[in-house]
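Architecture at a glance
Spelled out, the chains give:
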Amino acid sequence: MNPNVQGWLRLYCEQRTAGSLPEPLAELTESEEIIYGLLQPTGLMYGHPVQHPLTGEFQLSTQDTVDKMKVIFAESLLHVGSLHLHLEHQQQQEVTDHLVLEINDYLLNIYPHLYQGKLSSAFQDPYYLAETLIAKRLTVKTSLLKNYLANLFHNSLLFLDVY
């Protein structure tokens, strides 16, 4: 799976096993504690990808930082979104499809400038739209890349999107 190739999100969602929290987190009752326990080790809160939210490691160790952040950001959105949904009786694919639509809706409402094309054609393939929105949300202006603190601040705001 290459996060730079169209279709990576659909492939990732097909390969991922959603669901259960790691054992120490499953015992927590407050949703804020669960979210913090899930996202803090990923590095998303600090704007630098460290590890995958569930496995503790990246499936593809050859990914660069931006690709790792795409996977972490997407998985974090999917996993935290599934914590708030009460769709236990639905198939995993139906839940994932619903979450991708929710991600698109959120990102388009908060950051309407991220997608410049016709939304009617984009919604024909919600996974493609989500890939585009995630990629553009992670894009840092080149002027910010020269300033470490500005880059760190921009990337750490991704945590607020997930929360």
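Before going into details, it helps to say that this report is about the structure given with it. Not measured: the values here are computed from a predicted model. (Residues numbered from 1 in each chain as written. Predicted model: local features only at pLDDT ≥ 70, side-chain atom pairs only at ≥ 80, totals over all residues. Heavy atoms only, no water.)

Looking at the pattern of salt bridges
Per the counting criterion, the structure on display carries two salt bridges. A salt bridge links D125 to R10, with the nearest nitrogen and oxygen atoms 2.8 Å apart. With D125 in the loop between α6 (119–122) and α7 (126–138) and R10 in helix α1 (residues 8–15), this residue pair connects regions lying 115 residues apart in the sequence. Ionic pairing is found between R137 and D161, a salt bridge with its closest N-O pair at 2.6 Å. With a gap of 24 residues between them, R137 in helix α7 and D161 in helix α9 (residues 148–162) connect regions that are remote in the sequence. The exposure class of R137 is buried, given its relative accessible area of 7%. (Salt bridge = Lys/Arg side-chain N within 4 Å of Asp/Glu carboxyl O. Helix = DSSP H or I, 4+ residues; strand = E, 2+ residues; numbered from the N terminus. Buried < 20%, exposed > 50% of the residue type's maximum accessible area, 1.4 Å probe, protein only.)

Notes on the packing of helix α5 (residues 92–110) against α7
For the pair α5 and α7, the least separation of the axes is 9 Å and the interaxial angle reads 45°. Classed by the angle they form, the pair α5 and α7 counts as oblique. α7 is crossed by α5, and the crossing has left-handed handedness. Between α5 and α7, the contacting residues are Q93, T96, D97, V100, L101, N104, L107 and L108 on the first element and P126, Y127, L129, A130, L133 and I134 on the second. Of the residues contributing to the contact of α5 with α7, the split by class is 10 nonpolar, three polar and one charged. (Axes fitted to C-alpha atoms, helices over the stretch in contact; angles between N-to-C directions. Parallel < 35°, antiparallel > 145°, perpendicular 65-115°, else oblique. Left-handed = near helix turned anticlockwise from the far one by under 90°. Contact = heavy atoms within 4.5 Å. Nonpolar A, V, L, I, M, F, W, Y, C, P; charged D, E, K, R; others polar.)

Some remarks on the packing of helix α4 (residues 65–84) against α7
It is the contact of α4 with α7, at a shortest axis distance of 10 Å, that shows an interaxial angle of 125°. Judged by the angle between their axes, α4 and α7 are oblique. When you trace α4 past α7, the crossing you get is right-handed. Where α4 abuts α7, its residues V66, M69, K70, F73 and A74 lie against I134, A135, R137 and L138. Considered class by class, the residues forming the contact of α4 with α7 number seven nonpolar, no polar and two charged.

Comments concerning helix α3 (residues 31–39)
Taken as a whole, α3 has its buried residues at I34, I35, L38 and L39. Angular distribution of buried residues about the axis of α3 spans 115°; they occupy a single face of the element. (Arc of directions from axis to C-beta.)

Quick look at the packing of aromatic side chains
For the structure shown, the criterion picks out one aromatic pair. Centroid distance F159 to Y163: 6.1 Å. Interplanar angle 25°. Geometry classified as stacked. F159 gets classed as buried once you look at its relative accessible area, which sits at 16%. (Phe/Tyr/Trp six-rings, centres within 6.5 Å; stacked < 30°, edge-to-face > 60°.)

Notes on the nonpolar core
Membership of the largest hydrophobic core comes to 35 residues, with the highest contact counts inside it found for L9, L39, L44, F73, L133 and V162. Of all the secondary structure elements, the ones that give two or more residues to this core are α1, α3, α4, α5, α7 and α9. Looking at which element gives the most residues to this core, the answer is α4, with eight residues. Residues within four places of L133 in sequence aside, it is in contact with N104, L107, L108, L114 and Y115. (Core = buried A, V, L, I, M, F, W, Y, C linked by side-chain atoms within 4.5 Å.)

Digging into α1
Along α1, the residues that are buried comprise W8, L9, Y12 and C13. Viewed end-on, α1 has its buried residues packed into an arc of 130°, placing them on one side of the element. Exposed residues lying more than 90 degrees from the buried face of α1 are E14 and Q15. For α1, the elements touching its buried residues are α4, α5 and α7.

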